[in-house]
Amino acid sequence: MKELKQQFENFLHNQHIADSVIPYLVFLVLLIISGILVFVCVFVTKKILDNVVGRIFMKTHGKWDDLLIKHRLFSATGYLVSVIVLKAAVPALFEDFPRTLEFIGKLLDVYLVFVIITILIVFLKATEEYLSDSELFIEKPISSYFQLIRLVLYIIAAILGLSIILTKSPIYLLGAFGAMTAVLLLIFKDTILGLVASIQISANDMVRIGDWVEMPKYHADGDVTAINLNTVKVMNWDKTITTVPTYYFITESFKNWRGMQMSGGRRIKRTIQISIGSIRFVDTEMKDRFKKIDLIRKAIVERQAEIEQYNRENDTNLDVLINGRRMTNVGVFRMYIEKYLQNHSGINQDMTMLVRQQAPGEHGLPIEIYCFTNTIKWAEYENIQSDIFDHLVASVTYFDLVIFQSPSGKDFRELGVERRG
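Structure report, in brief.

Rules used in this analysis
- Residues numbered from 1 in each chain as written.
- Predicted model: local features only at pLDDT ≥ 70, side-chain atom pairs only at ≥ 80, totals over all residues.
- Heavy atoms only, no water.
- Helix = DSSP H or I, 4+ residues; strand = E, 2+ residues; numbered from the N terminus.
- Buried < 20%, exposed > 50% of the residue type's maximum accessible area, 1.4 Å probe, protein only.
- Contact = heavy atoms within 4.5 Å.
- Areas by Shrake-Rupley, 256 points an atom, 1.4 Å probe, with all protein chains shown as cover.
- Expected span 1.5 Å × (residues − 1).
- Arc of directions from axis to C-beta.
- Pairing = 2+ DSSP bridges.
- Axes fitted to C-alpha atoms, helices over the stretch in contact; angles between N-to-C directions.
- Salt bridge = Lys/Arg side-chain N within 4 Å of Asp/Glu carboxyl O.
- Parallel < 35°, antiparallel > 145°, perpendicular 65-115°, else oblique.
- Left-handed = near helix turned anticlockwise from the far one by under 90°.
- Nonpolar A, V, L, I, M, F, W, Y, C, P; charged D, E, K, R; others polar.

### Thoughts on the overall build of the protein chain
Phase 1 of the analysis: Looking only at helices and strands, the protein chain features 16 helices and 8 strands.
Phase 2 of the analysis: Residues counted as buried form 33% of the 421 residues belonging to the protein chain.
Phase 3 of the analysis: Across the protein chain, every contact between residues at least 6 apart in sequence was considered, and the portion connecting residues at least 24 apart equals 63%.
Phase 4 of the analysis: With the model as given, the accessible surface of the protein chain reaches about 25500 Å², and the carbon-plus-sulfur share is 60%.

### A few points about helix H15 (residues 378–395)
Phase 1 of the analysis: End to end, H15 covers 26 Å across 18 residues, agreeing with the expected 26 Å (1.5 Å per residue, within 8%).
Phase 2 of the analysis: Tyr381, Ile384, Gln385, Ile388, Phe389, Leu392 and Ser395 are the residues of H15 that are buried. Seen along its axis, H15 keeps its buried residues to an arc of 125 degrees; they face one direction. Set apart from the buried face of H15 by more than 90 degrees, the exposed residues are Ala379, Asn383 and Asp390.
Phase 3 of the analysis: Turning to H15, the residues buried within the fold contact strand E6 (267–274), helix H14 (329–342) and strand E8 (365–372).

### Structural notes on the environment of Gln200
Phase 1 of the analysis: Of note, Gln200 is situated in helix H9 (residues 189–204).
Phase 2 of the analysis: Taking relative accessible area as the criterion, Gln200 reaches 33% and is therefore assigned partly exposed.
Phase 3 of the analysis: As for Gln200 and Tyr247, which are separated by 47 residues in sequence, their C-alpha atoms are 9.4 Å apart.
Phase 4 of the analysis: Apart from residues lying up to four places away in sequence, Gln200 is in contact with Asp205, Met206 and Ile250.

### Concerning the sheet that holds strand E1 (residues 212–215)
Phase 1 of the analysis: Strand order in the open sheet made by the 5 strands is E4-E3-E2-E1-E5, with antiparallel pairing throughout. In this open sheet, the two strands that pair with only one neighbour each are strand E4 (241–245) and strand E5 (255–256).
Phase 2 of the analysis: Sheet topology places strand E3 (residues 231–236) next to E4; 5 bridges connect them, and they run antiparallel. Its bridge partner being in E4, Met235 is matched across the sheet by Ile241.

### Quick notes on the sheet that holds strand E7 (residues 354–357)
Phase 1 of the analysis: The 3 strands lie next to each other as E6-E8-E7, forming an open sheet whose pairing is antiparallel. Since the sheet does not close on itself, it has two edges, and those belong to E6 and E7, each with one partner. Across the sheet, the mean angle from the axis of one strand to that of its neighbour is 15 degrees, orientation sign disregarded.
Phase 2 of the analysis: Pairing analysis gives 4 bridges linking E7 to E8, with the strands arranged antiparallel. Within E8, the position partnered with Gln357 by the bridge is Ile367.
Phase 3 of the analysis: Across the sheet, H14 touches E6, E7 and E8, and the angle it forms with E8 is around 15 degrees.
Phase 4 of the analysis: Across the sheet, H15 touches E6 and E8, and the angle it forms with E6 is around 20 degrees.

### What about the pairing of E4?
Phase 1 of the analysis: Side chains Thr242 and Val244 project from E4 onto a buried face, and the interleaved Ile241, Thr243 and Pro245 project onto a face without burial.
Phase 2 of the analysis: Between E3 and E4, which follow one another and run antiparallel, lie 4 residues, and Lys239 among them has a positive phi close to 75 degrees.

### Describing the pattern of salt bridges
Phase 1 of the analysis: Scanning all chains against the criterion turns up 8 salt bridges.
Phase 2 of the analysis: The salt bridge involving Asp400 is made with Arg289; its shortest N-O contact spans 3.0 Å. Of the two residues, Asp400 is situated in the loop between H15 and helix H16 (409–420) and Arg289 in helix H12 (residues 284–290); the sequence distance between them amounts to 111 residues.

### Regarding the packing of helix H13 (residues 297–313) against H14
Phase 1 of the analysis: In contact at an axis separation of 10 Å, H13 and H14 are set at 135 degrees when each is read in the N-to-C sense. On the basis of the axis angle, H13 is oblique to H14. Crossing angle aside, the handedness with which H13 passes H14 is right-handed. The residues of H14 that touch H13, namely those facing Ala299, Ile300 and Arg303, are Val332, Met335 and Lys339.
Phase 2 of the analysis: Of the residues that constitute the contact of H13 with H14, the class distribution is 4 nonpolar, no polar and 2 charged.

As structure tokens, this is what we get:
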């Protein structure tokens, strides 16, 4: 470059150009040549890397090298080539401008630092994506740690850049930053809290990507799609996305449905309100009718034999229904529900199954069905639950029971018609 500059200066002297103008003409021409040279070198470098190294990467079975191409490693390498070319051209280009040469040299050093950081960031992003798809790390919030590493690299680049421009040691700048600790803590408060929360979440295995979490305070109810240094993204069931600060998962309460998902069964817990006025002892006619129900025929016979034996042993006067032991229609209905659930293909028979009475109230006698389906899929779960209660609600009348329902306007109108009639 210096020889080219000298030849061009000699050429301009021979053309009788004024000496005061020659440095500027030389600078302009060399600047254009340097720009073209940088463009050509970067273009050729990218082409060579794309056509040679890129094809080699694409033929390999590994995924990591493909991710390097995806995150534009070759473009970052091209920037490195531009720095090398400019480093060689700038001394000759600004030889006649010593003060400017010193400043431009510092800018090139800063540019080199950030190019190196950019290349490191490309490797980090490729590694992050590669590990995110690995079975070992697929449920870990590794993006938080890579975000922290990138943040540290940016801080290092900024410190090195300032030290180059100010011609000061990085240690000197770090000492100056020590006085700004309180300000930095305030600025990076969310980042620091997010880092601590991410570590605790990972160490205690509180939340994983793919977990169904519920946080009513922040209207979050859905699957976790991303865990970052500062935020956790939750895709709600209506396909909206709620973004919750990461540290809220440490400081606030939330529900994680992972246990249900891992168990393989989802709970059904619902009651049928029986009108207390329809509950009565089972008489002979009702008993004969119940024996025709396939699911409880055998259980009715066994229970009746047990009751008759007890009444004989205790010399019970059976002329009065209240004496001794007797079946009730609500008891037989509970027995039917149990047998029905035990024979239902959608109920997990290895998990808790209860049919119980709860305390009577103003809405009647609650009969609670507590069991688990053999699937955790939402649509299938709802179908199973609906099928069960469709059947049970329709079956109530076979046991001479009535489901409690608050009276409506129609009920009062019908009652008025009956009284007038």
